[in-house]
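Commentary on secondary and tertiary structure
Okay, here's what each chain looks like letter by letter:
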Amino acid sequence: AQSVTQLGSHVSVSEGALVLLRCNYSSSVPPYLFWYVQYPNQGLQLLLKYTSAATLVKGINGFEAEFKKSETSFHLTKPSAHMSDAAEYFCAVRGSGSEKLVFGKGTKLTVNP
Amino acid sequence: KAGVTQTPRYLIKTRGQQVTLSCSPISGHRSVSWYQQTPGQGLQFLFEYFSETQRNKGNFPGRFSGRQFSNSRSEMNVSTLELGDSALYLCASSLDGVNTEAFFGQGTRLTVV
């Protein structure tokens, strides 16, 4: 069974600082991995996805994530935080051949001026 | 291209009532999944429909049901509402549900009083 652990339910950074949101996965099959962002009272927006084509994945809004099989990690980074990045971020895994997304508990990102 | 549309956006119901939520997927998408989001349990998979057939079901009681129509639009129904059913219900659509990414609607906020 697939599972996802997001380390840190709250992360606070200063505007312009590096953003690092951690995600570790557990999967018995090669996984598809996703990062979604959720703004208050909104649905989920896909930031990026890993589907085994490349280990470094670039997404929207300057975010990227690196798949590290040896560490079973898929951490999300952005070199320079912007106030508009304040939101909740979810890492999700889906096993090959499965329709079901399994989400982490989410990390709420605060960006301080 | 229109996104995933969920109606209504907000709903208030009384314990014991039933409720029906609607989801219109992106044009051409044949897979529709439903998720429940609560502060305590996070995002949990309810079920997934593809070509009018339920392909996968999460660990929810039988009070939660759904269906999909020939135009891929989907409805979910919750009968005999309980206070604990208060949540944000999210619908996601994808081309085939297995190998393609899911796009989420803005959700329906259900409050049970």
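Looking now at the overall build of chain B. Assigned secondary structure in chain B consists of zero helices and 11 strands. When the elements of chain B are put in sequence order from the N terminus, they spell out β-β-β-β-β-β-β-β-β-β-β. The C-alpha atoms of chain B give a radius of gyration of 13 Å, which matches the 13 Å a tight globule of 113 residues would have. With respect to the principal axes defined by its C-alpha atoms, chain B has extents near 35 × 25 × 25 Å. Burial status across chain B gives 51% buried among its 113 residues.

Below, the discussion takes up unusual backbone geometry. Peptide bonds are trans in most cases, and residues, glycine excluded, mostly fall at negative phi. Residue Pro8 of chain B is reached from Thr7 of chain B by a cis peptide bond, and omega for that bond is -10°. With respect to the helices and strands, Pro8 of chain B occurs in the loop between β1 (5–7) and β2 (10–13). The phi torsion at Thr72 of chain A lies on the positive side, around 45°, for a residue other than glycine. Position of Thr72 of chain A among the secondary structure elements: in the loop between β7 (64–68) and β8 (73–78). Take Thr72 of chain A: its relative accessible area is 31%, and that puts it in the partly exposed class.

Once that is clear, we can look at the side chain of Gln38 of chain A. Inspection of the secondary structure assignment puts Gln38 of chain A in strand β4 (residues 31–38). In this structure the side chain of Gln38 of chain A is engaged in a polar contact, spanning 2.9 Å, whose partner is the side chain of Gln37 of chain B.

Residues and elements named next belong to chain A. Strands sit in the order β1-β3-β8-β7-β6 across an open sheet of five strands; the sheet is antiparallel. Each edge of the open sheet is held by one strand with a lone partner, namely β1 (3–7) and β6 (56–58). Between one strand axis and the next, the sheet turns through 20° on average, direction left out of account. Strand direction decides the pairing type here: β7 and β8, joined by five bridges, are antiparallel. Bridge pairing in β8 links Glu66 to His75.

Contacts between the two partners involve 23 residues from chain B, matched on the other side by 19 residues from chain A. At the junction of chain B and chain A, the tally comes to one salt bridge. A salt bridge links Lys49 of chain A to Glu101 of chain B; the shortest N-O distance between them is 2.5 Å. Here chain B is connected to chain A by seven residue pairs in polar contact (both at pLDDT 80 or more). With three residues, strand β5 (residues 42–50) of chain B is the largest single contributor of residues to the side of chain B that touches chain A. Looking at the side of chain B that touches chain A residue by residue, the classes come out as nine nonpolar, nine polar and five charged.

The next thing to look at is the packing of aromatic side chains. Under the defined criterion, the tally for this structure stands at 14 aromatic pairs over all chains. A ring pair is formed by Tyr36 of chain A and Phe104 of chain B, whose centres lie 5.2 Å apart and whose planes are at 85°; its orientation type is edge-to-face. Taken together, the positions of Tyr36 of chain A in strand β4 and Phe104 of chain B in strand β10 (residues 103–104) put the pair across two chains. Judged by its relative accessible area of 0%, Tyr36 of chain A falls in the buried class. Assessed through its relative accessible area of 10%, Phe104 of chain B is described here as buried. Ring geometry for Tyr35 of chain B versus Phe104 of chain B: centroids 5.7 Å apart, planes at 50°, classification tilted. Residue Tyr35 of chain B is located in strand β4 (residues 31–38), and its partner Phe104 of chain B is located in strand β10; the two are separated by 69 residues in the primary sequence. Taken individually, Tyr35 of chain B and Phe104 of chain B each receive the classification buried, so the pair is uniform in this respect.

Here is what the cut-offs are and how they apply
- Residues numbered from 1 in each chain as written.
- Chains lettered and ligands numbered in written order.
- Predicted model: local features only at pLDDT ≥ 70, side-chain atom pairs only at ≥ 80, totals over all residues.
- Heavy atoms only, no water.
- Helix = DSSP H or I, 4+ residues; strand = E, 2+ residues; numbered from the N terminus.
- Rg over C-alpha atoms; globule rule 2.2 N^0.38 Å.
- Buried < 20%, exposed > 50% of the residue type's maximum accessible area, 1.4 Å probe, protein only.
- Polar contact = N/O pair within 3.5 Å; in protein donor to acceptor, adjacent residues only side chain to side chain.
- Pairing = 2+ DSSP bridges.
- Axes fitted to C-alpha atoms, helices over the stretch in contact; angles between N-to-C directions.
- Contact = heavy atoms within 4.5 Å.
- Salt bridge = Lys/Arg side-chain N within 4 Å of Asp/Glu carboxyl O.
- Nonpolar A, V, L, I, M, F, W, Y, C, P; charged D, E, K, R; others polar.
- Phe/Tyr/Trp six-rings, centres within 6.5 Å; stacked < 30°, edge-to-face > 60°.

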